[in-house]
Amino acid sequence: MNHYKYEEIEVGHTESFTVTVTEEAQNRFCEITGDVNPLHCDLVYAKELGYNQCVVFGMLTASYLSALAGVYLPGERSLLHSVRTKFSKPVYAGDTLTVEGTVAEKNDTFNLLIVKAVIRNQDGVKVCKAELQVGVRP
Amino acid sequence: MTREQVFYRVQEIFRDVFDDDELMITGETNADDIEDWDSLEHITLIVAMEKEFHMKFDIREVNKLENVGEMIDLIEHRLREK
């Protein structure tokens, strides 16, 4: 885990990590949230719609943005205020995602970071993009 | 810039932040009058005002603001300092 202080972070600072989305994570997300939509849980249904596999929940993909802020940028001192996100392409179980965030803006009044984030799969395809507002605790 | 001009621009910021094109504010409007005006949206408002008026506020003076009128007082004070 990173321990950046607000003063140590500059606009343009970038952090990234990779994670593989497992079928277990998909099933656990379904169980935790109660979202049993068949696009995410029923292979036959997903294939009928033209997908090769069940589509990973967009919010599961977006959940890695929590780790981006809470573990990497800024890490320990993170206080996540908001996340605006778009799911550009489908993610499937087994995909390895690279989650990357770059500080686009700082607000010194509130020790606030505006982080632009992009999540790409193992083929370099952008599957999710987001803007995070992250406070940095003293 | 007159107080009316500042007020007009502040009202536009409020409408944008709270996504309500018909929102009408007054000098007495405070967080009790706008359901979505919580601590996070307060930060959004202040950040938007800093950008709109090209100024920086101090966190202590921002935390003391009780209503829109005091916000406009602060902006006017800063504009006079420029």
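Conventions used here
Residues numbered from 1 in each chain as written. Chains lettered and ligands numbered in written order. Predicted model: local features only at pLDDT ≥ 70, side-chain atom pairs only at ≥ 80, totals over all residues. Helix = DSSP H or I, 4+ residues; strand = E, 2+ residues; numbered from the N terminus. Buried ≥ 20, exposed ≤ 12 C-beta atoms within 10 Å, placed from the backbone. Contact = placed C-beta atoms within 7 Å. pLDDT = per-residue confidence, 0-100. Core = buried A, V, L, I, M, F, W, Y, C linked by C-beta atoms within 7 Å.

Colleague: Looking at this structure, I do not really get the overall build of chain A. What am I missing?
Modeller: When helices and strands are counted, chain A shows 4 helices and 5 strands. Projected onto its principal axes, the C-alpha coordinates of chain A cover approximately 50 × 30 × 20 Å. Counting every position in chain A, which comprises 138 residues, the buried fraction comes to 29%. In chain A, of all internal contacts separated by at least 6 residues, the share reaching a separation of at least 24 is 66%.

Colleague: Just checking my understanding: could you explain the confidence of the model for chain B for this structure?
Modeller: Do not read the fine detail of predicted coordinates wherever pLDDT is low. Chain-level statistics for chain B give a pLDDT mean of 92 and a share of 100% at 70 or above. Helix 3 (residues 59–64) of chain B is the least confidently modelled element of chain B, averaging 88 in pLDDT, while helix 1 (residues 3–17) of chain B averages 95, the highest of any element.

Colleague: It is not clear to me how the environment of aspartate 123 of chain A should be interpreted in this structure. Could you clarify?
Modeller: With respect to the helices, strands and loops of the structure, aspartate 123 of chain A is situated in the loop between strand 4 (112–120) and strand 5 (126–136). Sequence separation between aspartate 123 of chain A and lysine 47 of chain A is 76 residues; the distance between their C-alpha atoms is 21 Å.

Colleague: Whenever I open this one, the nonpolar core confuses me. Can you help?
Modeller: Ranked by internal contacts, the top residues of the largest apolar core, which has 29 residues, are Leu68 and Ala117 of chain A. For this core, the secondary-structure elements that each account for two or more residues are helix 4 (58–72), strand 3 (96–107), strand 4 and strand 5 of chain A. With near-sequence residues (within four places) excluded, alanine 117 of chain A lies in contact with Leu65, Leu68, Val99, Glu100, Gly101, Lys129, Ala130 and Leu132 of chain A. Judged by nonpolar contacts, the second largest core, of 15 residues, contains Val10, Ile13, Met49 and Val68 of chain B.

Colleague: Would you mind going over the environment of valine 11 of chain A with me for this structure?
Modeller: Residue and element names in this part refer to chain A. When you line up the elements, valine 11 lands in the segment before strand 1 (14–20). By C-beta crowding, valine 11 is classed as exposed, having 11 other C-beta atoms within 10 Å. Residues valine 11 and threonine 102 lie 91 residues apart in sequence; the distance between their C-alpha atoms is 7.7 Å. With near-sequence residues (within four places) excluded, valine 11 lies in contact with Val103, Ala104, Glu105 and Lys106.

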